[in-house]
Amino acid sequence: MSDVDTASGTDRVRAALQAASGSISRTRLLLIPLLLFDLLVFVVPMGYLLRISFAKRSVGGGALQKGTWSFDGYQYLLDSSVVGTVFRWTLLFGVVATLLAVAIGTLYAYAAWRASGTTRTILLAGVVMSMFTTLVVKLFAARLMLSPEGAVNDTLLATGVLDGRLLLVNNEIGVLIGQLYIVLPYTVLAVYSVLTGLDEGLVEAANDLGATPVRAIREVVLPHAVPGMAVGGIIAFAWSAGAFAAPLLLGSASERTVAIEVQNLLGQFNYPGAAALAVVLTTVVLVVLALGIAWLRRRGGLRDV
Amino acid sequence: MSDESPTRTDGAGETARPGPTTGQSLFRRVNVGRWLFRAGVGTVFVFLLAPVVVVAVTSFGDSITPSFPPAEFSTRWYESFLESSRWQRAARNSLIAAVGTTVLATVAGTTAALGVSNLSARAEGAVLGLAVLPLLVPGVVLGSSLLVFLGEFGLQQSYLAVIAAHSLWATPLAFSVVRASLSRFDPRLREAALDLGASPTRAFVEVVAPNIRSGLLAAALIAFVVSLQEFVMTLFVSGRDTRTIPVLAWNELRNTLDPVVSVVSTLLVLVVVLAVIIGTLVVGIERLAADT
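Residues numbered from 1 in each chain as written. Chains lettered and ligands numbered in written order. Predicted model: local features only at pLDDT ≥ 70, side-chain atom pairs only at ≥ 80, totals over all residues.

**Re the overall build of chain B**
As a reminder, the rule being used: In this text, helices come from DSSP runs of H or I with a minimum length of four residues, and strands from runs of E with a minimum of two, each type numbered from the N-terminal end. Burial is judged by counting the other C-beta atoms within 10 Å of a residue's own C-beta: 20 or more makes it buried, 12 or fewer makes it exposed, and any count in between marks it as partly exposed, with every C-beta position built from the backbone. By the convention adopted here, residues are in contact when the distance between their C-beta atoms, placed from the backbone, does not exceed 7 Å.
For chain B, the helix and strand inventory stands at 13 helices and zero strands. Order of helices (α) and strands (β) in chain B, N terminus to C terminus: α-α-α-α-α-α-α-α-α-α-α-α-α. Across the 292 residues in chain B, those meeting the buried criterion constitute 46%. Counting contacts in chain B only where the partners sit at least 6 residues apart, residues at least 24 apart contribute 69% of the total.

**Topic: the overall build of chain A**
Of the regular secondary structure elements, chain A holds 13 helices and two strands. Looking at chain A residue by residue over its 305 residues, the buried ones come to 45%. At a minimum sequence separation of 6, the contacts of chain A that also span at least 24 residues come to 70%.

**So, the interface of chain A and chain B**
The cut-off we apply is this: Residue polarity follows a fixed list, in which Ala, Val, Leu, Ile, Met, Phe, Trp, Tyr, Cys and Pro are nonpolar, Asp, Glu, Lys and Arg are charged, and the others, Gly among them, are polar.
With 80 residues of chain A in contact, the opposing surface of chain B contributes 75 residues. Here the side of chain A that touches chain B takes twelve residues from helix α2 (residues 32-52) of chain A, the largest share from any one element. Its residues assigned to classes, the side of chain A that touches chain B comprises 57 nonpolar, 17 polar and six charged.

**Brief notes about the domain arrangement of chain B**
All names here are of chain B. Quick reminder of the rule: These domain limits were set by an automatic method or by a database of domain assignments.
For chain B, the domain assignment lists domain 1 (14-58) and domain 2 (84-291). Placing the centre of domain 1 and that of domain 2 at their C-alpha centroids yields a distance of 35 Å. Of the residues assigned to the side of domain 1 that touches domain 2, the class counts are three nonpolar, one polar and no charged.

**Description of the domain arrangement of chain A**
When the domains of chain A are assigned, the result is domain 1 (3-42) and domain 2 (70-298). Here the C-alpha centre of domain 2 of chain A lies 45 Å away from the C-alpha centre of domain 1 of chain A.

**A look at unusual backbone geometry**
For Asn 170 of chain A, which is not a glycine, the phi torsion comes out positive at approximately 60°. Mapped onto the secondary structure, Asn 170 of chain A falls in the loop between α7 (151-158) and α8 (172-195). Look at Asn 170 of chain A and you get partly exposed, because 19 C-beta atoms sit within 10 Å. If you check the backbone angles, Gln 157 of chain B has positive phi at about 70° while not being a glycine. Turning to its location among the elements, Gln 157 of chain B is positioned in the loop between α5 (139-151) and α6 (159-183).

**Here we look at the environment of Ala 109 of chain A**
All names here are of chain A. Among the structural elements, Ala 109 can be located in helix α4 (residues 82-114). Sequence spacing of Ala 109 and Arg 120 is eleven residues, and the spatial spacing of their C-alpha atoms is 9.8 Å. Ignoring any residue separated from it by four or fewer positions in sequence, one finds Ala 109 in contact with Val 188, Val 191, Tyr 192 and Leu 195.

**Thoughts on the packing of helix α9 (residues 213-229) of chain B against helix α12 (residues 260-283) of chain B**
Residues and elements named next belong to chain B. Keep this limit in mind: A fitted line through C-alpha atoms serves as each axis, taken over the contacting stretch for helices, and the angle formed by two N-to-C directions is quoted from 0 to 180°. What sets the label is the angle itself: under 35 degrees gives roughly parallel, over 145 gives roughly antiparallel, 65 to 115 gives roughly perpendicular, and the rest give oblique. We call a crossing left-handed when the near helix sits turned anticlockwise from the far one by less than a right angle, and right-handed when that turn is clockwise.
With their axes 10 Å apart at the nearest point, α9 and α12 run at an angle of 165° to one another. Taken together, the axis directions place α9 and α12 in an arrangement best described as roughly antiparallel. Judged by the sense of rotation from one axis to the other, the crossing of α9 with α12 is left-handed. Of the residues in α12, those touching α9 at Ser 214, Leu 217, Ala 218, Leu 221, Phe 224, Val 225 and Leu 228 are Leu 268, Val 271, Val 272, Ala 275, Ile 278, Gly 279, Val 282 and Val 283.

**Comments concerning α5 of chain B**
Residue and element names in this part refer to chain B. Test applied: The length a helix should cover is 1.5 Å for every residue beyond the first.
Counted at 1.5 Å a residue, the expected span for α5 with its 13 residues is 18 Å, and the 18 Å between its end C-alpha atoms agrees. Of all 13 residues in α5, twelve are buried, a share of seventy percent or more. By the burial criterion, the buried members of α5 are Gly 139, Val 140, Val 141, Leu 142, Gly 143, Ser 144, Ser 145, Leu 146, Leu 147, Val 148, Phe 149 and Leu 150.

**Quick word on the packing of helix α3 (residues 85-115) of chain B against α6 of chain B**
Each packed pair of helices is defined by two parameters, the angle between the axes and the distance between the axes. Residue and element names in this part refer to chain B. Across the interface, α3 lies against α6 with an axial gap of 6 Å and an inter-helix angle of 40°. Our classification of the angle between α3 and α6 gives oblique. For the pair α3 and α6, the sense of crossing is right-handed. Contact residues: Ile 96, Ala 97, Gly 100, Thr 101, Leu 104, Ala 105, Thr 106, Ala 108, Gly 109, Thr 110, Ala 112 and Ala 113 in α3; Tyr 159, Val 162, Ile 163, His 166, Ser 167, Ala 170, Thr 171, Ala 174, Phe 175, Val 178, Arg 179 and Leu 182 in α6.

**Side note on the confidence of the model for chain B**
All names here are of chain B. What counts is decided by this rule: As a per-residue quantity, pLDDT reports the predictor's confidence and falls between 0 and 100.
When pLDDT is averaged across chain B, the result is 83; 88% of the residues are at 70 or more. By mean pLDDT, the top-scoring element of chain B is helix α10 (residues 232-237) (94), and the lowest-scoring one is helix α13 (residues 285-291) (71). Scored below 50 in pLDDT, residues 1-22 shows 39 contacts in the model against residues more than four places distant or in partner chains. Note on the complex model: pTM 0.84, ipTM 0.85.

**Remarks on the confidence of the model for chain A**
Taken over all residues, the pLDDT of chain A has a mean of 85, while the share at 70 or more is 88%. Across chain A, the element-wise mean pLDDT spans from 62 in helix α1 (residues 3-29) of chain A up to 94 in α2 of chain A.

**A look at the environment of Ala 274 of chain A**
The residue Ala 274 of chain A is located in helix α13 (residues 271-298) in this model. Residues Ala 274 of chain A and Val 41 of chain A, 233 residues apart in the sequence, show an inter-C-alpha distance of 19 Å. If we ignore the near neighbours within four places in the chain, the residues touching Ala 274 of chain A are Val 262, Leu 265 and Leu 266 of chain A together with Ser 144 of chain B.

The following block contains the structure:
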């Protein structure tokens, strides 16, 4: 190999390296819109909320005394007689709604995955439609259907399942049904999307080897569905512990959630109190989610979430 | 090998075939289980779609208070909608917010999906985490934080505030849809274009974009629909002049049951149906369902 060739060879390598590193750093630049957006609209506003939770409450007009530091907001939460009760109810509600959403969502996703052709399309279209319908419409319709004179009670009476009207609104049942309307489509799709990666032939193989359908589901499908169930559960819990619209529209005063309380405090211009409550709620939700993920990881059910 | 069900509609279909060692009792038990399973799935399906049917039917009712099923039918509430300047204002606001969100979320989501491809696993995880985190923070908290923060600049109740709030939800979804689409794209095609002397921009426009076109369109559609239906954050950050249809509908529902709410809900559902149909035609319902 001559010197000239070697020189041009290293030149070429250097040029290629430069081009590569240039293209890598240019690719990194593509992250700027997302990072800038999340910084300005998410990180900084949340930081500001945290700061406000440590400000002094204003005595006269105005929502807070700017530039002051105090634990007024958190003290208010501790002194309040309702916050503790509301918190307990909200978390319990979040857990129940999550378990129901994941269980029903997994069954539905499994049905859609095993179905073929038109049936699969119809089952999936139903979920996508529901997901894309604004929750105001869903809750409004739910209230119409579930009211004592609504279609659900009428049907149950007409078919003789019931001999008296059920109270399905302004109580826990109404709130739970309303919340399921909001989170169920997401749990279904989370599970469905991981099932699409599983070969249907495996289930049939299990059946051919003599496994009962239930056993085939438990030992072949469920292990594969766990990451999807986890993602669905994470979303369901975050949104149910932060439930706001369903309890307001379908519940009564005893189904008040933390999120409703935050709005009440904002309405009373107690900004430090509202901010402190929002900070505590977010922290609790994220800690519960982190614990849940860690528990699933330790049991080896999660590869990547 | 013959199965008594000609169309396999659910999970238990194939499994009901009696094996050589299993007798009639197991066959019957499996059969009962299969029908229970089908009934359950059918109930959930009805449950999911019932609201759409209910609002569509009540929108054609005649009474002052919406009831289901309505006693008499009329189109009078459609006329009141067309005459109401408040609802039209809300419809315009919804459209402005949806278009703004579509642009912002699709651009931020697509660029980020392209950008993370060359990162180390850890850095990619960090970007993903940051992008997804807003989805896990309760809407009321996000709404409150935007209200107090943007309030410092007098920007609360502006279109910008509404678009920013909607994009918090739409961007991670657009990001994940485009990323899924890119994972099906062979990166060597782009490298080939670069080797042949195309600039990165030109390689994206002429090689990458056409190959992930359906993903880009799905991302834009999802962003559009997410914006149309978002409610909780909008309730906090919008004002009288910028409130969207879901917020006005909510306000009406809190006062009286205005039948126009049914009309508006029906029209909103129609727009969504249209979007889902377009999405289905472009990428197929199965991918639309799996990628979001």
